[in-house]
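Below are the chains, spelled out letter by letter.
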Amino acid sequence: MYNSFQLDEINFTDLTLTHKRESVYSNQDHARWVYYDKNNNLYYKLWNPTYIRKDNVVNGIKSGFYDSSTTPALKGIISYENVCRGYIMEGVKENNQNSKLFYSIIKEKTKTSKHFYFDYCNQHIMEYKNQFCLIDLEGIYPLSELQNFLDHKYNSSFADNNYKEFVCNLVK
């Protein structure tokens, strides 16, 4: 469903750095960078091979959480030496529509995939070709990791309390 791109085949000379976060918490690498290709309207989100969430996007795809109903702008995964190093998405626009229907889709995906997207919030719901589309895709974990997540093992927290309550009730 999604393409695979090799990091060493991407020409960074035509890309513009739009965002960087070079953070380390304790021994956890949280650094990542976003580049924009204005000629093709593509965003490249990249991270180090030691990034704490390096496998999360792939797991989100394999579980079925990420598909054309949740991430229609996702073009593929960036890899290097069999390690996920990021992903590529087409450009999206800010969403100004009521996303209640999309929230229902997210809740159903959470149940069926057994994964939760902790970054679920209005700021991460964009519009892509008249569809809703999630961004910041590494913000996903299996439900089996919920307690570790709630215990701040990953130095993250839920962005939406209603969704957090929904996920916690699923695991009870």
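Everything here concerns the structure above.
No experiment lies behind these values; they were computed from the predicted model shown. (Residues numbered from 1 in each chain as written. Predicted model: local features only at pLDDT ≥ 70, side-chain atom pairs only at ≥ 80, totals over all residues. Heavy atoms only, no water.)

Draft legend 1. Inspection of the environment of aspartate 67 at higher detail. Tracing the chain through its elements places aspartate 67 in the loop between α1 (56-63) and β7 (74-80). Expressed as a C-alpha distance, the spacing of aspartate 67 and lysine 109, which sit 42 residues apart in the sequence, is 9.7 Å. (Helix = DSSP H or I, 4+ residues; strand = E, 2+ residues; numbered from the N terminus.)

Draft legend 2. Highlighting the sheet that holds strand β9 (residues 93-94). Taken in spatial order, the 3 strands make up an open sheet running β9-β11-β12, and their pairing is antiparallel. Of all strands in the sheet, those bounded by a partner on one side alone are β9 and β12 (131-134). In terms of strand pairing, strand β11 (residues 125-128) meets β12 through 4 bridges, oriented antiparallel. Of the residues in β12, the one forming a bridge with isoleucine 125 is leucine 134. (Pairing = 2+ DSSP bridges.)

Draft legend 3. Quick look at the packing of aromatic side chains. Taken as a whole and judged by the stated rule, the model has 20 aromatic pairs. Here the aromatic rings of tyrosine 103 and tyrosine 163 are separated by 6.4 Å at their centres, their planes lie at 70 degrees, and the arrangement is edge-to-face. Of this pair, tyrosine 103 sits in helix α2 (residues 100-113) while tyrosine 163 sits in helix α4 (residues 161-171), and the two are 60 residues apart along the sequence. Of the two residues, tyrosine 103 and tyrosine 163, both sit in the buried class. Here the aromatic rings of tyrosine 120 and tyrosine 163 are separated by 5.6 Å at their centres, their planes lie at 45 degrees, and the arrangement is tilted. Here the residue tyrosine 120 occupies a position in the loop between β10 (115-117) and β11, and tyrosine 163 occupies one in helix α4, the gap between them amounting to 43 residues. The pair tyrosine 120 / tyrosine 163 is uniform in exposure class, with both members buried. Clustering of aromatic rings is evident, with ring pairs tying together Tyr103, Phe116, Phe118, Tyr120, Tyr141, Phe149, Tyr154, Phe158, Tyr163 and Phe166. (Phe/Tyr/Trp six-rings, centres within 6.5 Å; stacked < 30°, edge-to-face > 60°. Buried < 20%, exposed > 50% of the residue type's maximum accessible area, 1.4 Å probe, protein only.)

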